[in-house]
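# Secondary and tertiary structure notes
Each chain, written out:
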Amino acid sequence: MSLRAPLIAVLALVWASGAHAQGIGASRLALEKPPLDAVVAASHDSAASKPTGLGAGRARILLQSLTVPGWGQATMGRTRAAALFAFIETGIWAGFVTFRIQETMRQGSYLSTARLFAGIDLSGKDEEFRRTVGEFASSEEYNRLVVYRDAANLYYNDPAKYREYIAQHQIGGSDAWAWDSYQSFQRYAEERKQTRRAGLRANSMLGLAIANRLVSAIHAARHAGLAGAFGRRARRGGSIADRRPTTSPPCAWE
């Protein structure tokens, strides 16, 4: 009996200490757990911050940027982005006009070269004929290497049709040409190459203009969505931190 009483007292003390520790842990969890109204407000803010679709305002800004890059940014007050897109657009169209002028001037240059050094006026001829003039030293060479050969392949055993084919397809009269030198022949070919290159560069400027509009529209639509989300949050009364209680709830063990 003398040992049983102290043993019962020690067990009671250990049990009381464990219960006290559990009460302290529960009170700390209660302190760390956010209030229910803050959680609900956070979920509402998260849903409100996401764009719900292409509204009228975003659609208008999107169309503005697709029409003139930077217009949508200027409408939202983003002056730096608007100036950047406008500057790029100006440079693109300046390059397009420059390359078109180069194409026209170089085309006139190779037409003059053909008239002066090959004796033929190409102003009314199609692109296929102009290319042929740049591939053969003379119309006589073209007739011998192309027309006569095709006639022989088609009508080798029929002399009448052979001569008829040659008469229909050979080049002569006002369409005949003959380059006075190999240098003039090479000059004509180089000028035509430069003309095609200028035309391709002008077309690439059109592609850049389309790309600039797409990038401007995506940028404007994205920032229009962010501005709308922040506006809705401001109308709801501030951020989540503003709605949290300033005082902590009482502890369970106090």
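Residues numbered from 1 in each chain as written. Predicted model: local features only at pLDDT ≥ 70, side-chain atom pairs only at ≥ 80, totals over all residues. Heavy atoms only, no water.

Turning our attention to the overall build of the chain. Assigned secondary structure in the chain consists of ten helices and zero strands. Going from the N terminus to the C terminus, the chain shows its helices and strands as α-α-α-α-α-α-α-α-α-α. Within the chain, the proportion of its 254 residues that are buried is 27%. For the chain, long-range pairs separated by at least 24 residues make up 72% of all intrachain contacts whose partners lie at least 6 apart in sequence. For the chain, the accessible surface area stands at approximately 16,900 Å², while carbon and sulfur atoms represent 62% of it. (Helix = DSSP H or I, 4+ residues; strand = E, 2+ residues; numbered from the N terminus. Buried < 20%, exposed > 50% of the residue type's maximum accessible area, 1.4 Å probe, protein only. Contact = heavy atoms within 4.5 Å. Areas by Shrake-Rupley, 256 points an atom, 1.4 Å probe, with all protein chains shown as cover.)

This brings us to the side chain of Asn212. Within the secondary structure layout, Asn212 lies in helix H9 (residues 182-236). Not counting residues up to four positions away in its chain, the partners in contact with Asn212 are Pro69, Phe85, Ile88, Glu89 and Ile92.

Within this structure, the stated rule accounts for eight salt bridges. Among the salt bridges present, the one from Glu128 reaches Arg131, with a minimum N-O distance of 2.2 Å. With Glu128 and Arg131 both in helix H6 (residues 127-133), this residue pair falls three residues apart, about one helical turn. In this structure Arg131 comes out as partly exposed when scored by relative accessible area, which is 33%. Salt-bridge contacts for Arg187 lead to Glu191; the nearest nitrogen and oxygen are separated by 3.1 Å. You can see Arg187 and its partner Glu191 sitting in helix H9, four residues apart, about one turn around the helix. For Arg187, a relative accessible area of 41% corresponds to the partly exposed category. Given the relative accessible area of 13%, Glu191 is considered buried. Several salt bridges converge on common partners, so that one network encompasses Glu128, Arg131 and Glu135. (Salt bridge = Lys/Arg side-chain N within 4 Å of Asp/Glu carboxyl O.)

Taking 1.5 Å per residue as the helical rise, helix H5 (residues 79-117) with its 39 residues ought to reach 57 Å, and the 57 Å between its terminal C-alpha atoms agrees with that figure. Within the sequence span of H5, burial applies to Ala81, Ala82, Phe85, Glu89, Ile92, Gly95, Phe96, Phe99, Tyr110, Leu111, Thr113 and Ala114. Trailing H5 by a residue or two, Gly119 shows a phi angle of about 75°, which is positive. (Expected span 1.5 Å × (residues − 1).)

On to helix H3 (residues 56-67). Relative to the 16 Å expected for twelve residues at 1.5 Å per residue, H3 spans 16 Å between its end C-alpha atoms, a close match to the ideal helical length. The set of residues buried in H3 consists of Ile61, Gln64 and Ser65. With its buried residues spanning 95° around the axis, H3 presents them on a single face. Set apart from the buried face of H3 by more than 90 degrees, the exposed residues are Ala56 and Leu63. (Arc of directions from axis to C-beta.)

In this structure the tally under the stated criterion is eight aromatic pairs. For the ring pair Phe136 and Tyr142, a centre distance of 5.3 Å and an interplane angle of 75° mean the geometry is edge-to-face. Tyr142 sits in the buried class, given a relative accessible area of 17%. Ring plane angle 55° and centroid distance 6.1 Å describe the contact between Tyr155 and Tyr165, whose orientation is recorded as tilted. Here Tyr165 lies in helix H8 (residues 159-169) and Tyr155 lies in the loop between helix H7 (139-154) and H8, a separation of ten residues in the sequence. By relative accessible area, Tyr155 is classed as partly exposed at 29%. Against the face of Tyr110 rests Arg192, its NZ or CZ located 5.3 Å from the ring centre. (Phe/Tyr/Trp six-rings, centres within 6.5 Å; stacked < 30°, edge-to-face > 60°. Lys NZ or Arg CZ within 6 Å of the ring centre and 35° of its normal.)

Core analysis: the biggest nonpolar cluster contains 20 residues, and Leu122, Trp177 and Trp179 have the highest contact counts within it. Elements represented by at least two residues in this core include exactly H5, H6, H7, H8 and H9. In terms of residue count, H7 provides more of this core than any other element does, four residues in total. For Trp177, the contacting residues outside a window of four places in its chain are Ala118, Ile120, Phe129, Thr132, Val133, Phe136, Ala137, Ser138, Ser139, Tyr142 and Ile171. Counting six residues, the second largest nonpolar core, distinct from the first, contains Phe96, Phe99, Ala202 and Met205. (Core = buried A, V, L, I, M, F, W, Y, C linked by side-chain atoms within 4.5 Å.)

Here the focus is the environment of Ala114. Among the secondary structure elements, Ala114 is positioned in helix H5. We classify Ala114 as buried; its relative accessible area is 0%. Linking Ala114 and Gly134, residues 20 residues apart in sequence, is a C-alpha distance of 9.0 Å. If we skip the residues at most four places from it in the chain, Ala114 touches Gly119, Ile120, Leu122, Trp179 and Tyr188.

So, to be careful, I would describe these as geometric facts and stop short of saying anything about function.
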